[in-house]
Amino acid sequence: MDISTATILMVGAIFALLITGLPLAFITGLVAMAFTFGWFGEAALPLVTSRVYGFITEYSLVAVPMFVLMASLLDRSGIAKDLFNAMRVFAGRLPGGVAVQTIVVAFFLAALSGIIGGEIVLLGILALPQMLRLGYDKHLSIGVVCAGGALGTMMPPSIVLIIYGLIASVSIADLFAAAVTPAVILMGSYIAYVLVRCLKNPALGPPLDKNAQDNPFATKLDAAKAILLPGLIAFLVLGTIYGGVASVTEAAAMGVFGVLLATIIRGEFTPGMLHHSLGQTMNTCGMIIWIGIGAAALVGVYNLMGGNRFVSSLILGLDVAPIVIILVMMAIMLVLGLFLDWIGIAMLALPIFLPIVIQLGFDPIWFGILFAVNMQVSFLSPPFGPAAFYLKSVAPPDISLKDIYLSVLPFMAIQLCVLAALLMWPQLAIWPL
């Protein structure tokens, strides 16, 4: 059997097993073992396991459970709720003001945790009922919550960027620095879309009534205090990284300490809260690690079979401009995003694509930002976009999956426009480096 036939069989086996409903980690592991024994025999097993060992012993991977724990503690504290209520004070008379406030709060939450699922649930509990009660358009409100929650894939300390940095062997701090401007562009694009629609048709996002607008100075002062605490936590994490004071892993631990201290000061800390947060952290990190183990084994055996050379020669043999090859990679990952979650795409596609990207002379940091934006699209895209299922779990019963899928389409278009802009003008991402 030649490598081209083996590639088709491998991809076909993965998608066939996905239909059965097996977890992706088990699927990749099973396919890896089948091709290891079928192609090489048991003698190749130590080579595959050594690749897995290299992944799970990577020091920077320690940052992942730290940031997940930080996000879990934030979920169970009142910090996010107070932040949302504080921003409402400043929403003012602007049509669509509460939707704009929701996007800004989502940006703050992304800068605090970098976990996308938790943000969707939080915003679905805090912001969605508020907008619906105020008479906001249902589809606009749903789209704002899902797109705002997806900012966690982009805004440091993004777990997506950490995993990319581990796979690409590039500086995670540089990835964080490069991601800030595109994240701000995405946030600004969402806000601009909401304002244009609501200014054109105020019925989509009615301004606050007079009673809600007349806030005493004391209320606004309290709101400013509520914003200060999350700002300090974000500065503790990101400021120490950008200032060269701490590594990403050390900053993650400082972030957990900061959130724990904040919950103690606010009188919210309980042993039960810590227990549940640790349990959620173990569940999330267990999923990431097991998918990583399965994917590392699969990519390892495929490379041993000569798959990396086959794919590289196939892509580089195309008689097209290098940027077209990058477009093809983006298209492949967009298609994969319809069926797989981001960690599966990262573990399976990036080890194959990254050597080609470097061989073509492109900056892997820039490609990492493209990947993060691409994963934002996959986070929203039907039929398996995780955002829809996260929001459905906390949305009012009358909101269907169809409503959610229709609502996210304009925001997916915005994400694709930002992705195109980054493709055309790489300096939008890499100018701080």
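If you're wondering where the values come from, they're calculated on a predicted model, not measured in any experiment.

Reading the values: rules and limits
- Residues numbered from 1 in each chain as written.
- Predicted model: local features only at pLDDT ≥ 70, side-chain atom pairs only at ≥ 80, totals over all residues.
- Heavy atoms only, no water.
- Helix = DSSP H or I, 4+ residues; strand = E, 2+ residues; numbered from the N terminus.
- Buried < 20%, exposed > 50% of the residue type's maximum accessible area, 1.4 Å probe, protein only.
- Polar contact = N/O pair within 3.5 Å; in protein donor to acceptor, adjacent residues only side chain to side chain.
- Contact = heavy atoms within 4.5 Å.
- pLDDT = per-residue confidence, 0-100.
- Disulfide = S-S within 2.5 Å.
- 1 Å grid on protein atoms, 1.4 Å probe; cavity = no way out; pocket = protein on both sides within 12 Å on 5 of 7 lines; lining within 4 Å.
- Points joined across faces, edges and corners; volume = space filled by probe spheres on them.
- Nonpolar A, V, L, I, M, F, W, Y, C, P; charged D, E, K, R; others polar.
- Patch = residues over 30% accessible without salt bridge, like charges linked within 9 Å, V, L, I, M, F, W, Y side chains within 5 Å.
- Areas by Shrake-Rupley, 256 points an atom, 1.4 Å probe, with all protein chains shown as cover.
- Salt bridge = Lys/Arg side-chain N within 4 Å of Asp/Glu carboxyl O.
- Expected span 1.5 Å × (residues − 1).
- Arc of directions from axis to C-beta.

Asks: In this structure, what is going on with the side chain of Ser381? I would like to understand it.
Replies: By the secondary structure assignment, Ser381 is in the loop between helix H18 (364-380) and helix H19 (386-392). On the accessibility criterion, Ser381 (4% relative accessible area) is buried. Here Ser378 takes part through its backbone oxygen, which lies 3.2 Å from a polar atom of the side chain of Ser381. Each residue touching Ser381, except ones within four places of it in the same chain, is listed here: Gly337, Leu338 and Met412.

Asks: Looking at this model, I keep getting lost on the confidence of the model for the protein chain. Mind explaining?
Replies: The predicted coordinates of low-pLDDT regions are not to be read in fine detail. Here the protein chain averages 83 in pLDDT, and 92% of its residues register 70 or above. Per-element confidence in the protein chain is highest for helix H20 (residues 401-424), whose mean pLDDT is 93, and lowest for helix H11 (residues 210-213), whose mean pLDDT is 54.

Asks: Honestly, the state of the cysteines in this entry has me stumped. Any pointers?
Replies: Covalent bonding between the sulfur atoms of two cysteines is what defines a disulfide. By the definition in use, this model includes 0 disulfides. Not engaged in a disulfide, the cysteine Cys198 finds its nearest cysteine sulfur in Cys146; these two sulfurs lie 17 Å apart. For Cys198, a relative accessible area of 0% corresponds to the buried category.

Asks: Can you walk me through the layout of surface pockets in this structure?
Replies: Sizing a probe to match a water molecule and rolling it over the atoms shows the empty space that remains. Reported here for the second largest pocket is a volume of approximately 650 Å³. Taken together, 23 residues form the lining of the second largest pocket, with Val11, Ile332, Leu336, Leu348 and Ile352 sitting closest to its centre. Every element with two or more residues in the lining of the second largest pocket is listed here: helix H1 (3-19), helix H14 (271-304), helix H15 (307-316), helix H16 (322-336) and helix H17 (342-359). Here the residues of the lining of the second largest pocket sort into 22 nonpolar, 1 polar and no charged.

Asks: How should a nonpolar patch on the surface be read in this particular structure?
Replies: On the surface, a nonpolar cluster with roughly 490 Å² of combined accessible area is contributed by Leu318, Val320, Ile323, Val324, Leu327, Val328 and Ile332. Position of Leu318 relative to the elements: it lies in the loop between H15 and H16. Note on Leu318: relative accessible area 40%, which makes it partly exposed.

Asks: What is the right way to look at the pattern of salt bridges in this model?
Replies: Pairs can form between side chains of opposite charge whenever their charged atoms are close. With the rule as written, the count across this model stands at 2 salt bridges. A salt bridge links Lys138 to Asp403; the shortest N-O distance between them is 3.4 Å. With Lys138 in helix H8 (residues 138-150) and Asp403 in helix H20, this residue pair connects regions lying 265 residues apart in the sequence. The class for Lys138 is partly exposed, based on a relative accessible area of 29%. We classify Asp403 as buried; its relative accessible area is 12%. Here Arg266 and Glu268 are joined by a salt bridge, their closest N and O atoms 2.9 Å apart. Exposure remark for Arg266: the relative accessible area of 29% places this residue in the partly exposed category.

Asks: What exactly am I supposed to notice about the environment of Ile343 here?
Replies: Take Ile343: it is sitting in helix H17. Since its relative accessible area comes to 1%, Ile343 is described here as buried. Put simply, Ile343 and Met287 are 56 residues apart on the chain and 9.4 Å apart in space, counted from C-alpha to C-alpha. Apart from the residues within four sequence positions on either side, Ile343 is in contact with Ile163, Ile288 and Ile291.

Asks: Could you clarify how one ought to interpret H16 in this entry?
Replies: Count 3.6 residues to each turn of an α-helix, and residues three or four apart come out pointing the same way. Over its 15 residues, H16 extends 21 Å from the first C-alpha to the last, a length consistent with the 21 Å expected when each residue adds 1.5 Å. The complete set of buried residues in H16 reads Ile325, Ile326, Met329, Met330, Met333 and Leu336. Angular distribution of buried residues about the axis of H16 spans 145°; they occupy a single face of the element.

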